[in-house]
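# Structure at a glance
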Amino acid sequence: MQGTQSGTRGATASAAQDGARARLVLGNWKMHGSLNDNAALLTALRAGAGAATCEIGVCVPFPYLAQVEVLLKGSAVSWGAQDISVHDKGAYTGEVSGAMLNDFGCRWALAGHSERRAMHAESDVLVAEKAKAALAVGLTPVVCVGETLAEREGGNTLGVIERQLEPVLDLGAEALGRMVLAYEPVWAIGTGRTATPEQAQEVHSAIRVALRGLGVPQVRVLYGGSVKAANAATLFAMPDIDGALVGGASLVADEFLRIAAI
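Residues numbered from 1 in each chain as written. Predicted model: local features only at pLDDT ≥ 70, side-chain atom pairs only at ≥ 80, totals over all residues. Heavy atoms only, no water.

## With respect to unusual backbone geometry
With a phi close to 55°, Lys30 is a non-glycine residue in the positive phi region. With respect to the secondary-structure elements, Lys30 resides in the loop between β1 (24-28) and α3 (35-48). With phi around 55°, Ala121 is a residue other than glycine that occupies positive phi space. With respect to the element layout, Ala121 can be found in the loop between α6 (114-119) and α7 (124-136). (Helix = DSSP H or I, 4+ residues; strand = E, 2+ residues; numbered from the N terminus.)

Below, the structure is given as structure tokens:
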């Protein structure tokens, strides 16, 4: 996986031939929300979505999918889940299948968020299997990758990203063409720290080179990590950043809509 400055220049030079990629801004509520708070947030998102200059959606905790479907159905805001089981059905207590997500009109399913990788020991192979399970039922997996601070300071960022992506890339071009990828440096998630646009672009460029090599340069690659309206514009100006996976700011309707309106 190339990630040098020359690789970045190459990605920039080749952007035109990759074709247009529609910007996407997805909110990840994580384990936040209540029926009352959600109602106010979703109503505001539905009302303000017309000002968005891009595609927007929210990924919410499983218990709120029914509420989200009711309040967002027919709007410009899509929705999805924060995880998905690799199993179709069976004796898997606590798991939620893709077919169940479809019952609530989901479009998206996050796979491999750093919190799942760290707290639930999800392996790179398992993340790829979750992406495959989402595709099997017509959902769009949003596959997350990212390095820790120690890995970045050790100069291992691109090696970590390559390792995490390898089982996903092995699924092949047809599968990749129906996914979204998200680069989320672990050291920037919920910390208030954000990768500089140049730091983010270097990783996005390396991912784009890998995608281009498989014939799917059109796959959208989002950036996540303390994204706010104040820093989103400079991130979105980078040639290989196709939008954002937004954490805390997605819980504030005005802030999220400002990001989507850039």
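On we go.
## Comments concerning the UniProt feature "active site" (unreviewed entry) in the protein
Mapped onto the present numbering, the UniProt feature "active site" (unreviewed entry) falls on His113 and Glu184. Annotated residues spanning 72 residues; largest pairwise C-alpha distance 8.2 Å, indicating a single compact cluster. The residue His113 is located in the loop between β4 (108-111) and α6 in this model. For His113, a relative accessible area of 4% translates into the label buried. If near-sequence neighbours (up to four positions away) are discounted, His113 is found in contact with Asn28, Lys30, Cys144, Glu184 and Ile189. Structurally, the position occupied by Glu184 is in the loop between β6 (180-183) and α11 (197-213). Owing to a relative accessible area of 5%, Glu184 belongs among the buried residues under this scheme. In this view, Glu184 contacts His113, Cys144, Val145, Gly146, Glu147, Ile189, Gly224, Gly225 and Leu245; residues no more than four positions away in its chain are not counted. In terms of polar contacts, Glu184 uses its side chain to reach the side chain of His113, at 3.2 Å. (UniProt positions renumbered as here; feature names shortened; annotations may be inferred. Buried < 20%, exposed > 50% of the residue type's maximum accessible area, 1.4 Å probe, protein only. Contact = heavy atoms within 4.5 Å. Polar contact = N/O pair within 3.5 Å; in protein donor to acceptor, adjacent residues only side chain to side chain.)

## Considerations on the UniProt feature "binding site: substrate" (unreviewed entry) in the protein
Mapped onto the present numbering, the UniProt feature "binding site: substrate" (unreviewed entry) falls at Asn28, Trp29, Lys30, Gly190, Ser226, Gly247 and Gly248. What stands out for the annotated residues spanning 221 residues is how close their C-alpha atoms remain, the widest pair being 13.4 Å apart. Secondary-structure assignment places Gly190 in the loop between β6 and α11. Secondary-structure assignment places Gly247 in the loop between β8 (243-246) and α13 (253-260).

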